[in-house]
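Residue-level listing of the chains:
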Amino acid sequence: MTVSAATALIAPPDLAPGVLRIVPLGGLGEIGRNMAVFELDGKLLIVDCGVLFPEENQPGVDLILPDFSYLEDRLDDVVGLVLTHGHEDHIGAVPYLLRHKKDIPLIGSQLTLALIEAKLQEHRITPYTLTVTEGQIEQFGPFECEFVAVNHSIPDALAVFIRTTAGNVLHTGDFKMDQLPLDGRITDLRAFARLGEEGVDLLMVDSTNADVPGFTTAEREIGPVLNRLFGQVTKRIIVASFSSHIHRVQQVLDAAEAHGRFVCFAGRSMVRNMAIAAKLGYLRVPEGILVDIKNVDALPDDKVVLMSTGSQGEPMAALSRMANGDHRITVGKGDTVILASSLIPGNENAVFRVINGLLKLGADVIHKGNEKVHVSGHAAAGELLYCYNILRPRNVMPVHGETRHLIANARLAEQTGIPTENVLLTDDGSVIDLVGGVARVVGAVECGFVYVDGSSIGEITDADLKDRRILGEEGFISIVTVVNRSTGKIVSGPDIHARGFAEDDSVFDEIKPKINAALEEAVMSNKDHTVYQLQQVVRRVVGTWVNRRYRRRPMIIPVVLEA
C-alpha cells in the first residue's frame, strides 16, 4: 500500500489539463470532518462537509471544522457540494462553508437536504439545492454524477459515481449491506456491478468497520430486544440515540405503541429532526402517541418513554443534563435508560461519566455492552470484501476512519488482488492525481483543525488549547514583584496567588526568599536587564521549585514592576 505523509507538506505540482485531482480535507485518521474536493479543468466538486466533535483534551471547543483555506480563493470555481447523507459528520460544517459563499449548490437526497435546510435556517442562510434520487444522473461542470442507493443508519443515503475524462471515481459515503432494512432500501449491488463493468478507476470507500470481521447485524434485530425490555420495565424508560437515527426512533415508537406507552422527544435536535422525518414520510408516528415534555410529569411512570439526545455524553445534551440533575426530567430509582448507540472513539470517558451519574441516581442503564440495543451503520470486513470483488476497482483509497480502520481496509483491498501500489493510505490534506487509470499521491496542502468556540471560528489555536489544558489540569500561579533597578532591592513582594494548585497560598512562603535572591542577583549583575528577562528569572525559579516539590507544571505568570 502507498502511504502519504501529509505532514511533510510537499507542495503538489500545478494541475495539468485533463488530470483529476482529489484533496481530502477531513475524515482520514478521524471519525468526522468528512470532506473531499475534486478538481478538473479549473472546476471543483465537493463531496460532504462535516464536523468533528471535540475530545476531552480540547476544552471549550464546540465543534471542529475542515480547513477551508485550500478553497477560500477558489469558491467561484465550485460547481456543487454533494451530500451523501444527513449525519453531522457529513453535513455539519455546511453552514460554515456557506458563510464564505452562500450560493454554492447543495446536491443530495430529499431527507438529507431537508435536514441541512433546517440547520441553515438557524444560520439565516437560504441555500440553492438540487434534490436527487438513486439512479439519477446530473452534470456539474466537467463532473457527471450518478447517484446510487446505499443502506446506512439514516434513510436516503447515497453513494456518488463521478465520471470524468480523467477517470471514474466511486465515493461510497457511509454504507452497509443490511439485506432486510426497515425501510426496504438496500445497498444497490446491481448498480455497483454495472459500474464495476464500466470501470472504477478509484474507489473511495467507508472504513469505519473494516477491522470488524464478518457482517454487520441487521437493524431489525433491535426491535424484538426493545420490545422485550419495554415489557419488563415498570417505571419510566429513557432511550438515548443520535438525533438523526430515524430507524431507531421508529423501533422505539413501535415498542411504545405495543406496550401502551406515550413517547416524548427530549432535545432540540431530536424534536426538529423527527418532525422533518414524520412530515416527509420517513417516520411513522402512531396516532396520539406523542406528548409534549411539559405534560410528561402528569402521566404515570409506566406510561412514559423519553426519546433523548446525548448518547455520546455531550455535556449540553438532554441525557447528560439528566445525569447531572439539571434537566426538567428527573431520573430516579427504577427508571431504565437505554443507550441505543455505539461509542464514537474519543467519547468513551464522557459516556461512562453519564452512565455513572445515572447509576448513582438509581437508574438501570442498558447499553450495547449488555444488550443488543444498537447495530452499526457501517460495512464490516465481509461486506467490504464483497464490494471489492463486485467493483474490481483499479485503485482504492480508504476513507472515513481512524488510522487503524484505514489500514484494515487497505489490507482487505490487497487480499482481493488489488496491487499494493494501487492502494492509497492518505492523510487529510494529501493531494492525489488520477489520470489514465493511475492514482498517485503527488503532494500535500496545509490542512489543520479549525475550532469553533462559541461565536469564534478559527481564532482558537492549538497553543490556546494547550494553555487551557494546563489551567484545567495543573493550575495557575501569579507572582507580582516590585524591584528598584538602581539599588537592585525588592521594594514589594513577591505576592503569590494560585488557583487550582493549592488551597493555601502559605505553601509559597519557602520560595519567596529564593525569588528575591534571584532577582537581586540578576539586577546587580546586569543593570541593563529588561523587564521580560527579569520575569523569566522568576518563572524559572518558581517552575523549578514547583516541579521538584510537587511534580506539577502549572501555568506561571510572573509580573515584575520597576520602582
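Residues numbered from 1 in each chain as written. Predicted model: local features only at pLDDT ≥ 70, side-chain atom pairs only at ≥ 80, totals over all residues. Heavy atoms only, no water.

Enquirer: Can you tell me about the overall build of the protein chain, naming the residues and giving the values?
Expert: Of the regular secondary structure elements, the protein chain holds 14 helices and 27 strands. Residues classed as buried in the protein chain amount to 55% of the 563 residues present. Within the protein chain, contacts between residues at least 6 apart in sequence are counted, and of these 72% link residues at least 24 apart. Of the accessible surface of the protein chain, which amounts to about 23,800 Å², a share of 50% is contributed by carbon and sulfur atoms. (Helix = DSSP H or I, 4+ residues; strand = E, 2+ residues; numbered from the N terminus. Buried < 20%, exposed > 50% of the residue type's maximum accessible area, 1.4 Å probe, protein only. Contact = heavy atoms within 4.5 Å. Areas by Shrake-Rupley, 256 points an atom, 1.4 Å probe, with all protein chains shown as cover.)

Enquirer: I'd love a proper account of helix H6 (residues 246-258), names of residues and values included.
Expert: An ideal rise of 1.5 Å per residue puts 18 Å on 13 residues; H6 measures up with 18 Å between its terminal C-alpha atoms. In terms of burial, H6 is a largely internal element, ten of the 13 residues being buried. Looking at H6, one finds that the buried residues are Ile246, His247, Arg248, Val249, Gln250, Gln251, Val252, Leu253, Ala255 and Ala256. At its buried positions, H6 is contacted by helix H3 (110-122), helix H5 (222-232), strand S14 (237-240), strand S15 (262-266), helix H7 (268-280) and strand S16 (304-308). Of the residues flanking the end of H6, it is Gly260, one or two places downstream, whose phi is positive at about 70°. (Expected span 1.5 Å × (residues − 1).)

Enquirer: A description of the packing of helix H10 (residues 381-391) against helix H11 (residues 403-415) should follow, citing residues and the corresponding values.
Expert: Axis separation between H10 and H11 bottoms out at 9 Å; the angle between their running directions is 45°. With respect to each other, H10 and H11 are oriented oblique. Taken as a pair, H10 and H11 cross one another with a handedness that is right-handed. Contacts between H10 and H11 involve Ala381, Leu384, Leu385 and Tyr388 from the former and Asn409, Leu412, Ala413 and Gln415 from the latter. Residues of the contact of H10 with H11, tallied by class, amount to six nonpolar, two polar and no charged. (Axes fitted to C-alpha atoms, helices over the stretch in contact; angles between N-to-C directions. Parallel < 35°, antiparallel > 145°, perpendicular 65-115°, else oblique. Left-handed = near helix turned anticlockwise from the far one by under 90°. Nonpolar A, V, L, I, M, F, W, Y, C, P; charged D, E, K, R; others polar.)

Enquirer: I'd like a description of the UniProt feature "binding site: substrate" (unreviewed entry) in the protein chain, backed by residues and values.
Expert: Per the UniProt entry, the sites bearing "binding site: substrate" (unreviewed entry) are His374, Val375, Ser376, Gly377 and His378 in this numbering. Mapped onto the fold, Val375 is located in the loop between strand S18 (364-366) and H10. A relative accessible area of 3% means that Val375 is categorised as buried. Setting aside residues no more than four positions away along its own chain, Val375 makes contact with Lys176, Thr217, Ala218, Glu219, Ile222 and Arg248. By the element assignment, Gly377 lies in the loop between S18 and H10. Its relative accessible area of 5% is what places Gly377 among the buried residues. In this view, Gly377 contacts His152, Ser153, Phe175 and Lys176; residues no more than four positions away in its chain are not counted. (UniProt positions renumbered as here; feature names shortened; annotations may be inferred.)

Enquirer: Now, about the pairing of strand S10 (residues 143-149): what can you tell me, with residues and values included?
Expert: Counting buried positions along S10 yields six of seven residues, so the element is predominantly enclosed. Strand direction decides the pairing type here: strand S9 (residues 137-140) and S10, joined by four bridges, are antiparallel. Following the sheet pairing, Gln139 is matched in S10 by Glu144. Where S9 hands over to S10, the hairpin turn is made up of two residues, of which Gly141 adopts a positive phi near 60°. Bridge analysis of S10 against strand S11 (residues 158-164) gives six bridges, and the strand direction is antiparallel. Bridge pairing in S11 links Phe147 to Val160. (Pairing = 2+ DSSP bridges.)

Enquirer: Describe the pattern of salt bridges, and please don't skip the residues or the numbers.
Expert: Inspection of every chain in the model, using the stated rule, returns 26 salt bridges. For Arg74, the salt bridge identified is with Asp77, shortest N-O distance 2.7 Å. Put simply, Arg163 and Glu144 hold a salt bridge, and the shortest N to O gap is 3.0 Å. Here Arg163 is found in strand S11, whereas its partner Glu144 is found in strand S10, with 19 residues between them in sequence. Taking relative accessible area as the criterion, Glu144 reaches 25% and is therefore assigned partly exposed. Among the charged side chains, a network of salt bridges with common partners joins Glu144, Glu146, Arg163, Arg194 and Glu198. (Salt bridge = Lys/Arg side-chain N within 4 Å of Asp/Glu carboxyl O.)

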